[in-house]
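Structure at a glance
Listed below are the residues making up each chain.
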Amino acid sequence: MSILVTGGTGYIGSHTCVELLNAGYEIIVFDNFINSKPEAIQRTKQITNKDFKFYKADLLDRSAMEQIFTKNQIDAVIHFAGLKAVGESVEIPLRYYHNNVGGTLILCETMAKYNVKRMVFSSSAAVYGNPATVPIREDFPLSTTNPYGSTKLMIENILRDLYISDPEWSIALLRYFNPIGAHKSGLIGEDPNGIPNNLMPYIARVAARKLEVLSIFGNDYPTKDGTGVRDYIHVVDLSLGHIKALEKIMQTSGVEAYNLGTGIGYSVLEVISAFEAASGQKVNYKIAPRRAGDIPECYADSVKSKKELDWVASRDLKEMCEDSWGYINKLASFKKAGRPL
Ligand code: NAD
Ligand code: UD1
């Protein structure tokens, strides 16, 4: 079976390509490298010892999409390509709507034209806005607090309408919680440009002495220790969730949303301790004011994913921290050796 992976050189995309290849799927990958590097292609091949076709192409380029569908036999699409920085989406919302929503429209139109009607879509826990209670179930009310989240909710609605118009479509909306960690090889992982916005890459850089001190955004939340609580999930577990979702959409038609989280919430202080234990490094931190738009607590109810996808996350916080640290060290050794990252 042959799967088109959009955004396949990105953080989650590259890990999912590895798991797809390991599971015996044929893959065709494209990316425009707006937030990733070509080296991910070679790394994915190196880890799996398997080959695949790659196109440098933009989701917004209709003729490039047509070419990919003309030249390849495609059974289903896993759609990762999109912009994902929440703060940036507030500053340049039109770019986010254009890229994420506009790009998905072009992709869906091309898929319909070539009669490919199966898709796994990267949605986000951002579609739950500020949930009234936790754990969060898939049938909770949906709302958003920033343009990035709005692009995800809009795309979910577009995909639902698409199915209503043509019940041959089969779509899984995967709502990711907080993916962290990296492949055990240390060859692929998350290495954001500039100063990281998210907790784990920031912690890793403080531990590696690339940044001086982590600001904890608030210690007066109504949580176990006052700091924000999130559902961190190992990126490999998340990737395996895509394989299960793919199996599901190949057997059925419809649109279903699934949470991909562990169901366990950890506070910022707990993540720092776990990272210190895993890395043997001190993570310097200070308490800072709350970050605008943050919610106190967010973790998944993962019952539906377990029941309907037969998927559960099995890697714990210790392993997530060890693998994030392993990747940072590998990156540093590549940089030192002057090899491309
Ligand atoms: P990423 O930025 O590492 O990967 C996205 C990839 O899409 C990048 O390689 C980028 O170059 C590519 N891309 C973006 N716009 C494109 C376009 N117009 N044409 C072609 N390629 C394009 O991000 P990620 O963390 O791997 O996330 C993958 C998906 O999952 C995204 O849609 C993201 O919104 C969603 N998601 C991520 C998280 C997270 O915390 N990482 C959480 C929830 C949802
Ligand atoms: C991020 C996304 C959100 C997405 C969610 C799950 C942002 C701003 N939001 O949010 O859209 O739905 O992942 O994929 O990117 N923290 C600090 N100091 C830091 C960084 C973070 O204390 O330097 C705290 C935050 O306040 C929060 C926790 O760490 O309590 C996690 O933060 P982060 O990694 O940014 O993820 P989310 O806020 O969950």
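It should be noted that the structure appears before, not after, this text.
Residues numbered from 1 in each chain as written. Chains lettered and ligands numbered in written order. Predicted model: local features only at pLDDT ≥ 70, side-chain atom pairs only at ≥ 80, totals over all residues. Heavy atoms only, no water.

We now examine the sheet that holds strand β6 (residues 170-176). The 7 strands lie next to each other as β3-β2-β1-β4-β5-β6-β11, forming an open sheet whose pairing is parallel. Each of the sheet's edge strands pairs with one partner strand only, and the pair in question is β3 (53-56) and β11 (254-260). Across the sheet, the mean angle separating the axes of adjacent strands is 20 degrees when strand polarity is ignored. The sheet contact formed by strand β1 (residues 2-6) and strand β2 (residues 26-31) spans 5 bridges and is parallel. Across the sheet, the residue bridging to Thr6 is Phe30, located in β2. Where helix α8 (residues 235-251) meets the sheet, it contacts β1, β4 (76-79), β5 (118-124), β6 and β11, and its direction lies at approximately 160 degrees from that of β6. (Pairing = 2+ DSSP bridges. Helix = DSSP H or I, 4+ residues; strand = E, 2+ residues; numbered from the N terminus. Axes fitted to C-alpha atoms, helices over the stretch in contact; angles between N-to-C directions. Contact = heavy atoms within 4.5 Å.)

α8 packs onto helix α1 (residues 11-22) with a crossing angle of 60 degrees between their chain directions and a minimal axis gap of 8 Å. Of the possible angle classes, the one that applies to α1 and α8 is oblique. Between α1 and α8 lies a crossing whose hand is right-handed. Packed against α1, whose contacting residues are Tyr11, Ile12, His15, Thr16, Glu19 and Leu20, the element α8 presents Val235, Val236, Leu238, Ser239, Leu240, His242, Ile243 and Leu246 at the interface. A breakdown of the residues in the contact of α1 with α8 according to their chemical character gives 9 nonpolar, 4 polar and 1 charged. (Parallel < 35°, antiparallel > 145°, perpendicular 65-115°, else oblique. Left-handed = near helix turned anticlockwise from the far one by under 90°. Nonpolar A, V, L, I, M, F, W, Y, C, P; charged D, E, K, R; others polar.)

With that settled, consider the environment of Ile249. For Ile249, the location among the structural elements is in helix α8. When the C-alpha positions of Ile249 and Ala132 are compared, they lie 31 Å apart, and in sequence the two are 117 residues distant. Aside from chain neighbours lying at most four places away, what touches Ile249 is Arg118, Met119, Val120, Ser170, Ile171 and Ala172.

Next up on the list: the environment of Ile136. Within the secondary structure, Ile136 sits in the loop between β5 and α6 (147-165). For Ile136, a relative accessible area of 0% puts it in the buried group. Along the sequence, Ile136 and Gly263 sit 127 residues apart, while their C-alpha atoms lie 8.8 Å from each other. Discounting chain neighbours no more than four positions away, the residues touching Ile136 are Tyr128, Pro131, Phe177, Asn259, Cys298, Tyr299, Ala300 and Asp301. (Buried < 20%, exposed > 50% of the residue type's maximum accessible area, 1.4 Å probe, protein only.)

On to the pattern of salt bridges. A full pass over the atoms with the stated rule returns 20 salt bridges. A salt bridge links Arg315 to Glu319; the nearest nitrogen and oxygen atoms lie 3.9 Å apart. Relative accessible area serves as the criterion here: at 23%, Arg315 is assigned to the partly exposed category. In this structure, a network of salt bridges that share partners links the residues Lys184, Asp237, Arg315, Glu319 and Asp323. (Salt bridge = Lys/Arg side-chain N within 4 Å of Asp/Glu carboxyl O.)

Further remarks concern the packing of aromatic side chains. Scanning all chains against the criterion turns up 4 aromatic pairs. When the centroid spacing of 5.8 Å and the interplanar angle of 85 degrees are considered together, the rings of Phe275 and Trp325 count as edge-to-face. One end of the pair, Phe275, is in helix α9 (residues 268-279); the other, Trp325, is in helix α11 (residues 317-336), and 50 residues separate them in sequence. The pair formed by Phe275 and Trp325 is uniform in burial state, with each residue classed as buried. Taking NZ or CZ as reference, Arg290 lies 4.0 Å from the ring centre of Tyr221, over its face. (Phe/Tyr/Trp six-rings, centres within 6.5 Å; stacked < 30°, edge-to-face > 60°. Lys NZ or Arg CZ within 6 Å of the ring centre and 35° of its normal.)

Below, the discussion takes up the side chain of Asn146. Topologically, Asn146 is positioned in the loop between β5 and α6. With a relative accessible area of 15%, Asn146 lands in the buried category. Among the polar contacts made by the side chain of Asn146, one reaches the main-chain amide nitrogen of Gly149 at a distance of 2.8 Å. Those residues in contact with Asn146 that sit more than four places away from it in its chain are Val86, Ser89 and Val90. (Polar contact = N/O pair within 3.5 Å; in protein donor to acceptor, adjacent residues only side chain to side chain.)

Another point: the pairing of β2. Where burial is concerned, most of β2 is hidden: 5 out of the 6 residues are buried. Note on the crossover from β1 through α1 to β2: the handedness is right-handed. Note: β2 against β3, 4 bridges, orientation parallel. The residue of β3 that forms the bridge with Asp31 is Lys56. Handedness of the crossover is the feature at issue here: the chain leaves β2, passes through helix α2 (residues 39-48), returns alongside β3, and the resulting connection is right-handed. (Right-handed = clockwise from strand over helix to strand, strands pointing away.)

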